[in-house]
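Breakdown of the fold
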Amino acid sequence: MTAIGDLAARRVVGLPTYRPGKPSTGSAAGKLSSNESPLGAGPSVSDALRAAAGHPHRYPDDSATRHRLAAELGVTQSQLLLTNGSDELCYLIAQMFLAPGKRAVLGDPCYAIDNTVSLLSGADVVRVPLVRGAHDLRAMAAAAIDASALWLPSPHNPTGVAVSHGELVLFLREVPADCLVVLDQAYHAFSSPGTSPDVAALLAQFPNLLVQRTMSKDWALAGLRVGYAIAAPEIIGPLSAIRPPFSVNSFALAGLSAAVGQPAWQAMSVARVREGRALLQAELDSLGVEYYPSEANFVLVHIDHSELAPYLLEAGLSVRSGADLGMPGWIRITIGWAPTMATLIDALRKFSSAVPNNG
Amino acid sequence: MITHTDALLLEQDLTLSLGQRELTQPVAGQALLRLEWAGVCGSDLHVIRTGDWVNTWPATLGHEAVGVVLDCPGGEFVVGTRVVVDSRVPCGDCHGCTQSANLCERLAWVGEIVPGGFERHAVLDVALLHACPEGLEAEIAVLAEPLAVAMHAVNRAGRLPESVLLIGYGPIGALVHSEITRRSPHINVLVREPNPMRLELALALGARSYEPSHPMRMPLVVDAAGYATSVADSIDLVSNGGTVLVVAIPHQPITLDGQGIVERSLNIIGCNGFADELPIAMAALDANPDRYRPLITEAVLLEDLVARLSDIASRPPAGKIVVRL
């Protein structure tokens, strides 16, 4: 290998490779492996994308979209940063706050990209094991002493367990004010009504808090890659300075504006996911299969992927192996469209009667 | 040889159970199907409550069905072909039948005169089967029959006006809405629906909620509700010279204001089933399946259907319930 190749290779030693969820063997609706929206984006998004297709020669201008989203969120534009998917935000945060000699705190297991960007930064990475699928907030706060960044996905991926507002307040009081707390709310919209933390109150009280969100899940724009950060202007400003210009493209901006302009679609879509989640969890209770009660659009279930795989194959379904997510022996099932979930439940019943002691 | 099939059985005393039904062996002109999905229609719920229209007991309801041909002695369908069931069973020798099956004077329906879709296997006349476009998902194809009904209703309305009021947003109301906006995306559709989940679905699909505090008459009112006064309410809400399209079956005889109908020059249009819309509905589903996906809000396994039907009055679904067979 050339010297330059050696240099590049050294930077990625030990970095896990991100593996996307596998497609289903049947129709696209059978893919329950990537936490995608089963109903897709609302019809207005397609119309907006067609309109945006007429101007591919222009650089994107995010000012109108940022203005609209800030108004929807009840924050100022100086508190908001749009990014190319929330994953870009992970990279920006690591670039800004982490470096060799600094410390990052993560759960174990954690969201893969949080881990990747922390390792890539050269920071010391401290992993705090989850307890029954939940963050061990006391241990994380202790680990945050002298840390520069702490990654806190809630609801957690892959367990789906969420931190309550009260728990967050107590936790944030314990974390040093010079440690950035990244509250990743990719799945917060799927939480049971009334249980999502009051982010505005938290941001007002804790200036070291950054709220990370994506438009990929409840807004169903995964293919467009758009996410955002809400934080104090003192955090958003520097992150904005290092974000590549035009990183959110014209299609993503058009899609975001259209989606936010049709909140009824998101509300309906989220309602269907909550119904599907309740149905799946009731079925798992009935079958006596262990799972973590979820506040997200997926459920982590204690079934070994390899044992269930033949039943999934026959049903034309795919789910995510927990081995990919730091939970070997488990599977993560995305809540899909109602007929897909009925097909899944049929497969789970067949599996359960054939392998009665599983779970 | 398949001699029996699991089936939902409705007894004459209106008890429901999951049991076994004997299958006749298909002869030339018939096909044996492995049914995949069936839809629950409002008229199924009517029959479960009343026993109306059933010819032979126990009945197996379900006239919205899709399945795969397992055997076809006459060779009309290749084994493995996915087919949608045509729900209409016309007599074939009356004046109505010379125009369209749905105008038959003795029209009967799959599920009432022959066992219907709430079973895993069925033997049906090939005349009742339509081959699905290749690649059309069975879970979407199951909407073909009710979509054909909605298409027929919209056809019966004639030229669509700028604004439409839809009373009731159950599955057939939602499909009528979808069909209206498929033809004319910019038509202003208002919905009057008391169930919040159904109204949420209507708003998500682009309708607006009808505000009773600002009553206004509309040129086309669609009664997709079928409650005791829904036709009378529709007449109240339609503009002079306008049209009331009655899609839902009233569950009891109704009284109409004949003088008002005459003096206000109203058109009252009924619509029974569909005419030649079934293949058109299948083509529409095939062309844009995602358009119809949100309309199916619940899916149950056949073995869970008795339990779900028993609490459907107290827990109505947001949209269409389909049954995996």
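Residues numbered from 1 in each chain as written. Chains lettered and ligands numbered in written order. Predicted model: local features only at pLDDT ≥ 70, side-chain atom pairs only at ≥ 80, totals over all residues.

1. Re the packing of helix 12 (residues 305-315) of chain A against helix 13 (residues 338-354) of chain A
Residue and element names in this part refer to chain A. Closest axis-to-axis distance for the helix 12/helix 13 pair is 9 Å, and the angle between their directions is 140°. For helix 12 against helix 13, the interelement crossing comes out right-handed. Residues Leu308, Tyr311, Leu312 and Ala315 of helix 12 pack against Thr343, Leu344, Asp346, Ala347, Lys350 and Phe351 of helix 13. (Axes fitted to C-alpha atoms, helices over the stretch in contact; angles between N-to-C directions. Helix = DSSP H or I, 4+ residues; strand = E, 2+ residues; numbered from the N terminus. Left-handed = near helix turned anticlockwise from the far one by under 90°. Contact = placed C-beta atoms within 7 Å.)

2. Points about the domain arrangement of chain A
All names here are of chain A. Per the domain assignment, the segments of chain A are domain 1 (3-40 + 264-354) and domain 2 (44-262). Relative to domain 2, the C-alpha centre of domain 1 lies at a distance of 23 Å. At the junction of the two partners, domain 1 supplies 29 residues and domain 2 supplies 28 residues. Listing elements by their share of the side of domain 1 that touches domain 2, those giving two or more residues are helix 11 (263-287) and strand 9 (298-301). Among the elements that line the side of domain 1 that touches domain 2, the one with the most residues is helix 11, at seven residues. Looking at the side of domain 1 that touches domain 2 residue by residue, the class counts come to 14 nonpolar, ten polar and five charged. (Domains from an automatic or database assignment. Nonpolar A, V, L, I, M, F, W, Y, C, P; charged D, E, K, R; others polar.)

3. Digging into the interface of chain B and chain A
In this assembly, 18 residues from chain B lie in contact with 20 residues from chain A. Of all the secondary structure elements, the ones that give two or more residues to the side of chain B that touches chain A are helix 6 (196-204), strand 16 (296-301) and strand 17 (320-324) of chain B. Of all the elements, strand 16 of chain B adds the most residues to the side of chain B that touches chain A, at six residues. By residue class, the composition of the side of chain B that touches chain A is nine nonpolar, two polar and seven charged.

4. A closer look at the domain arrangement of chain B
Residue and element names in this part refer to chain B. Taken domain by domain, chain B consists of domain 1 (4-131 + 288-324) and domain 2 (147-270). One C-alpha centre belongs to domain 1, the other to domain 2, and the line joining them spans 27 Å. With eleven residues of domain 1 at the contact, the number on the domain 2 side is 15 residues. Contributions of two or more residues to the side of domain 1 that touches domain 2 are made by helix 1 (42-50) and helix 10 (289-292). The greatest single-element share of the side of domain 1 that touches domain 2, amounting to three residues, is contributed by helix 1. Its residues placed into classes, the side of domain 1 that touches domain 2 shows five nonpolar, four polar and two charged.

5. Some thoughts on the pairing of strand 4 (residues 64-71) of chain B
All names here are of chain B. When strand 3 (residues 30-39) meets strand 4, the two strands line up antiparallel, connected through seven bridges. In the sheet register, Trp37 faces strand 4, and the bridge partner there is Val66. In this structure, strand 4 lies alongside strand 5 (residues 82-85), joined through three bridges in antiparallel fashion. Considered in strand 5, the bridge of Val68 is made with Arg82. (Pairing = 2+ DSSP bridges.)

6. Some details on the sheet that holds strand 15 (residues 267-270) of chain B
Residues and elements named next belong to chain B. Taken in spatial order, the six strands of this open sheet run 12-11-10-13-14-15, and their pairing is parallel. The sheet is open, and its two edges are formed by strand 12 (208-209) and strand 15, each paired on a single side. The sheet contact formed by strand 11 (residues 188-192) and strand 12 spans two bridges and is parallel. Within the sheet, the bridge partner assigned to Val191 lies in strand 12 and is Ser209.

7. Some thoughts on the environment of Val231 of chain B
Residues and elements named next belong to chain B. In this fold, Val231 is placed in helix 7 (residues 230-237). With 14 residues separating them along the chain, Val231 and Leu245 place their C-alpha atoms 9.0 Å apart. Excluding residues within four positions of it along the chain, Val231 makes contact with Asp223, Val244, Val246, Pro250, Ile254 and Leu256.

8. Quick word on the packing of helix 11 of chain A against helix 13 of chain A
Residue and element names in this part refer to chain A. At a closest axis distance of 11 Å, the pairing of helix 11 and helix 13 adopts a crossing angle of 10°. The angle between the axes of helix 11 and helix 13 places the two elements in the roughly parallel class. In this structure, helix 11 contributes Gly276, Leu279, Leu280, Glu283 and Leu287 to the contact, and helix 13 contributes Ala338, Met341, Ile345, Leu348 and Ser352. Residues that form the contact of helix 11 with helix 13 fall into these classes: seven nonpolar, two polar and one charged. (Parallel < 35°, antiparallel > 145°, perpendicular 65-115°, else oblique.)

9. A few points about the pairing of strand 14 (residues 238-246) of chain B
Residue and element names in this part refer to chain B. Bridging between strand 13 (residues 218-223) and strand 14 involves five bridges; their strand directions are parallel. Bridge pairing in strand 14 places Val221 opposite Val244. With respect to chirality, the unit in which strand 13 leads through helix 7 into the neighbouring parallel strand 14 is right-handed. As paired strands, strand 14 and strand 15 are joined by four bridges and run parallel to one another. Of the residues in strand 15, the one forming a bridge with Val244 is Ile268. Taken together, strand 14, helix 8 (residues 258-263) and strand 15 constitute a β-α-β crossover, and its handedness is right-handed. (Right-handed = clockwise from strand over helix to strand, strands pointing away.)

10. Topic: helix 11 of chain A
Its 25 residues place the ends of helix 11 of chain A 36 Å apart at the C-alpha level, agreeing with the 36 Å of an ideal helix rising 1.5 Å per residue. Looking at helix 11 of chain A, one finds that the buried residues are Trp265, Gln266, Met268, Ser269, Arg272, Val273, Gly276, Arg277, Leu280 and Leu284 of chain A. Summarising the contacts, the buried residues of helix 11 of chain A are in contact with strand 9, strand 11 (331-334) and helix 13 of chain A together with helix 6 and strand 16 of chain B. (Expected span 1.5 Å × (residues − 1). Buried ≥ 20, exposed ≤ 12 C-beta atoms within 10 Å, placed from the backbone.)

11. Regarding the nonpolar core
Most often, soluble globular proteins have nonpolar side chains that are buried together. Core analysis: the biggest nonpolar cluster contains 208 residues, and Ala149 and Leu150 of chain A together with Ala141, Val176 and Leu285 of chain B have the highest contact counts within it. It is helix 4 (residues 144-157) of chain B that provides the largest number of residues to this core, a total of nine residues. (Core = buried A, V, L, I, M, F, W, Y, C linked by C-beta atoms within 7 Å.)

12. Concerning unusual backbone geometry
Residue and element names in this part refer to chain A. Note the cis peptide between Asp108 and Pro109, where omega equals 5°. With respect to the helices and strands, the residue Pro109 is situated in the loop between strand 3 (103-108) and helix 5 (112-120). With an omega of 25°, the peptide bond between Asn157 and Pro158 qualifies as cis. Position of Pro158 among the secondary structure elements: in the loop between strand 5 (149-153) and helix 7 (165-174). A positive phi angle, close to 60°, is found at Arg225, a residue other than glycine. Counting through the fold element by element, Arg225 comes out in the loop between strand 7 (209-214) and strand 8 (227-230).

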